[in-house]
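Residues per chain, in single letters:
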Amino acid sequence: MPGVPSNKACERCKKRHLKCDETRPHCQRCTTAGVECPGYVQTRKFIDQGATPKSSQVGPNEQTLQWNQPQEQDNPALHFQMDSRDDSMIVEMPGPSNRPEVAMGSIQQTTMHAPESPAISIHNSISGIEEGSESSRNTIYKSISPTAAAGGFPTFDNTYTPIPHKGPDYQRVISESSSHRSEKDEFQDIFSELMTGTEHEIAFLTRHYSEVIGPWLDLSDSQKFFTVHVPIRAISNLSVKYAIAALAAKHLARLKGVKASTGGMFTSPATTETYPNATQVDWFLKAANYYYLGASDLNNLTSDGYTTVSSSAILESPFEIVGRWISSRQTQANMKPASEDPNDMAIIRKTEELLASATLLTMYRLLDMPGDEWHMQLARIGPLFESLLGLHSVSSALFSHGIRAAFWNFARQDYLGSYFTRSPTHFDPENLPLWRAAGISINDQKSFHIIRNGSTLSQEDQAANGLIWLVTKVINFLARSKQLQLAQWTGSPPAASPEGTTTNATQLPYPDTDTWLRISFEFQTWFENVPETFRSSVRIERPKDLSKTAEGSYLSFPEIFHGLTTCAVAMQHYHFGRIALLLNRPADVISAPSTAFDRLQGYREVTKEVEFRAREVSGIALGRPQGGVRIFMVPLLVAVGQCLENPEEHQIIVDLLRGVEADLGWTTEYAIRKLQDSWNQ
């Protein structure tokens, strides 16, 4: 929900670090000094910070951005009024209750009922701009199109003032007066506020998503559904469009507006790569607004057409919204996965887009959420895909490309979130029809194998997704062990699984030696049968520590690089799964070593293998793989960090974790605290 203004000093007092009496419309200090007061810039303040949700009174040198509820006969297009007495500008825009579709060059009105939002007032005096700069100011005005189609946000063309970067005119730019530069920057701040929902902003955020975030979601999808197909679907689907914008805006907010470079920059960037004053924009506010619009439209798409959408939609789990639609009688009757009829295919396409929106909105939440809270965020994914499986099992059809892509993202997040809490995963690894429908081959003996010819998935995708199934089995093995330990300590039966989890306690694998050996054998078989592309192409056993100038300074871990991102993430998670098994081997009273020396030798062998696999996980991390590998390696680094004792190795792990947050905006501070608490025990 947009905020309301909070007071600040006038611009002159603020720049001179003087106490301002905040008299309106001109402060007394400026008047006494015989200079014209430049006016006030006010930032939004939220209700939980003490703001009162009432319309603010604005002076003659103030700019008001007012969200109005249009009457039935009103045209809610953007209106501009220029006061001949001064340079104030009043801009009226439709509010969130008139959610726009900003397609390429067009805007459509979509009806949505939402609570009336308090007014947003952005105050900025531009009366101090010199007469000679009026033409440049008018150029910016003209770049705003006041002829937006009925409803929605205004359309902007691309003739905005770009962020200056070093070029032939760089010396001329920096030679401009500081006051003139400041005024231009201040106006661009307002301009950025007005760009919310515009063609340029949507294009900028969509490109940022496609280049940076989309690949995170396509780690085991060589056909790149989320990177390539989802942005195309967003052209005609508002929920997907706003979910993309929300996730990209929040990512930029986490990076303080600095767009990560995707390659060398030797020429001027494209228009869609730049955004005016990007580091000064309130990206968190934009992200929250887009999230609200995305969640609301997701609710609209799944409603019966008569239900009024309320603001509580943003509090509801996206999976619950989508699951309700899939479980409805109409969807159950109309969805025919194996049919090639255009109407039936349209239902599958809609399902893919709903799941894409749910995936992006969930990633929006996980971006800055501690890992031990992931598990609850993913509640309801089990029932949702159980409903989908019921519809597909009738025709024995595989999930479509988009449904598969969403499933494997959730499955990876599922076992990582469950690892933090040692909880059963939401996806049951014993539900073989579910995993087969998602595209992997599991025979009647419950063994995974790669199909060399005839599969819709590449061998690399099959291997990576098969490993997700194997690691899910390991996590449930650990969860069952924890349940039995707690039951033994308390003298009570094992607790049932948390609400929303399809795997209950009695279905989890019993953590005995036979189960442990079977899972270990499956991991070894997986490793022996993966394609050669899973081998690293670059490996340095003793990389030089570039942070130290002294000769002979080397890092404690190797540096490992894989040519395929899919293979890099799979090998990291393979070693992680093996470590988890090694550290949780159940005691076998029958075949256990009979002497203390034998037991000691067994501990040494386990320690040696754990150290080797911890070095492999850390070595792949040191190779700085693609962003999707790095964000999902945070739980893995926590696991290996707890196995290490050398302070230098501890520092490397901490640096790797901090690098993930600094480079990618993915929160890691909770993981560092967890490790430091472990090391300090």
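Keep in mind that what you see is a predicted model, and the values were worked out from it rather than measured.

Chemist: Could you clarify how one ought to interpret the overall build of the protein in this entry?
Modeler: Looking only at helices and strands, the protein features 24 helices and 14 strands. Looking at the protein as a whole, 53% of its 681 residues qualify as buried. When contacts within the protein are restricted to residue pairs at least 6 apart in sequence, long-range pairs at least 24 apart make up 75% of them. Summing over all exposed atoms, the protein offers an accessible surface of approximately 31600 Å²; the carbon and sulfur share of this is 51%.

Chemist: Is there a simple way to explain the packing of helix 9 (residues 283-302) against helix 10 (residues 318-327) in this structure?
Modeler: Interaxial distance between helix 9 and helix 10 falls to 9 Å at its minimum, and their mutual angle equals 15 degrees. Our classification of the angle between helix 9 and helix 10 gives roughly parallel. As helix 9 runs across helix 10, the sense of the crossing is left-handed. Counting all contacts with helix 9, which are made through Tyr 291, Leu 298, Asn 299, Leu 301 and Thr 302, the residues of helix 10 involved are Pro 318, Ile 321, Val 322, Arg 324 and Trp 325.

Chemist: What am I meant to see in the environment of Glu 522 here?
Modeler: Summarising the element assignment, Glu 522 is placed in helix 18 (residues 513-529). Residues Glu 522 and Leu 467, spaced 55 residues apart in sequence, show a C-alpha to C-alpha distance of 9.7 Å. Here Glu 522 is in contact with Lys 446, Ser 447, Trp 469, Leu 470 and Lys 473, once residues within four sequence places are set aside.

Chemist: How should the side chain of Thr 351 be read in this particular structure?
Modeler: Locating Thr 351 in the fold gives a position in helix 12 (residues 342-366). The exposure class of Thr 351 is buried, given its relative accessible area of 1%. Residues within four places of Thr 351 in sequence aside, it is in contact with Trp 325, Ile 326, Met 335, Leu 388 and Ile 403.

Chemist: Is there a simple way to explain the nonpolar core in this structure?
Modeler: Inside soluble globular proteins, nonpolar side chains tend to come together where they are buried. Membership of the largest hydrophobic core comes to 144 residues, with the highest contact counts inside it found for Phe 226, Trp 283, Phe 385, Trp 435, Trp 526 and Trp 666. Sequence-distant contacts of Trp 435, that is, excluding residues within four places in its chain, are made with Phe 407, Trp 408, Ala 411, Phe 427, Asp 428, Pro 429, Ile 440, Ile 442, Ile 468, Trp 469 and Thr 472. The next biggest cluster of nonpolar side chains, apart from the first, holds eight residues, and it includes Cys 10, Cys 30, Cys 37 and Tyr 40.

Chemist: Where do I start with the packing of helix 6 (residues 199-213) against helix 8 (residues 238-254) in this structure?
Modeler: Each pair of packed helices gets described by two things: the angle between the helix axes and the distance between those axes. The geometry of helix 6 relative to helix 8 is characterised by a closest axis approach of 8 Å and an angle of 75 degrees between their N-to-C directions. Here helix 6 lies roughly perpendicular to helix 8, going by the angle between them. When helix 6 is examined against helix 8, the residues Ile 202, Phe 204, Leu 205, Thr 206, His 208, Tyr 209, Val 212 and Ile 213 are found in contact with a partner set consisting of Lys 241, Ile 244, Ala 245, Leu 247, Ala 248, Ala 249, His 251 and Leu 252. Here the residues of the contact of helix 6 with helix 8 sort into twelve nonpolar, three polar and one charged.

Scoring rules and cut-offs
- For every chain, the first residue of the written sequence is number 1, and numbering continues from 1 along that sequence.
- For a predicted model such as this one, the threshold for reporting local features is a pLDDT of at least 70, and the threshold for listing and counting side-chain atom pairs is 80 or more; totals across whole chains, interfaces and linings nevertheless cover every residue.
- Excluded from the side-chain calculation are hydrogens and water; included are all heavy atoms of the structure.
- Helix numbers and strand numbers start at the N terminus; a helix is a DSSP run of H or I with at least 4 residues, a strand a run of E with at least 2.
- Working definition: with a 1.4 Å probe on protein chains only, accessible area under 20% of the residue-type maximum means buried, over 50% means exposed, and in between means partly exposed.
- Residue contacts are defined here by distance: any two heavy atoms, one from each residue, within 4.5 Å place the two residues in contact.
- Computed with a 1.4 Å probe, the accessible areas rest on the Shrake-Rupley method; for each residue, only the protein chains presented here act as cover.
- The convention used is that axes are lines fitted to C-alpha atoms, helices contributing only their stretch in contact, and that angles between N-to-C directions extend from 0 to 180 degrees.
- Throughout, the term roughly parallel applies to angles under 35 degrees, roughly antiparallel to angles over 145, roughly perpendicular to angles from 65 to 115, and oblique to all others.
- By convention, the crossing between two helices is left-handed when the near helix turns anticlockwise from the far helix through less than a right angle, and right-handed when the turn is clockwise.
- As used in this record, nonpolar core signifies buried Ala, Val, Leu, Ile, Met, Phe, Trp, Tyr and Cys residues forming a set joined through side-chain atoms within 4.5 Å.
- Amino acids outside the nonpolar list (Ala, Val, Leu, Ile, Met, Phe, Trp, Tyr, Cys, Pro) and the charged list (Asp, Glu, Lys, Arg) are all regarded as polar, and Gly is one of them.

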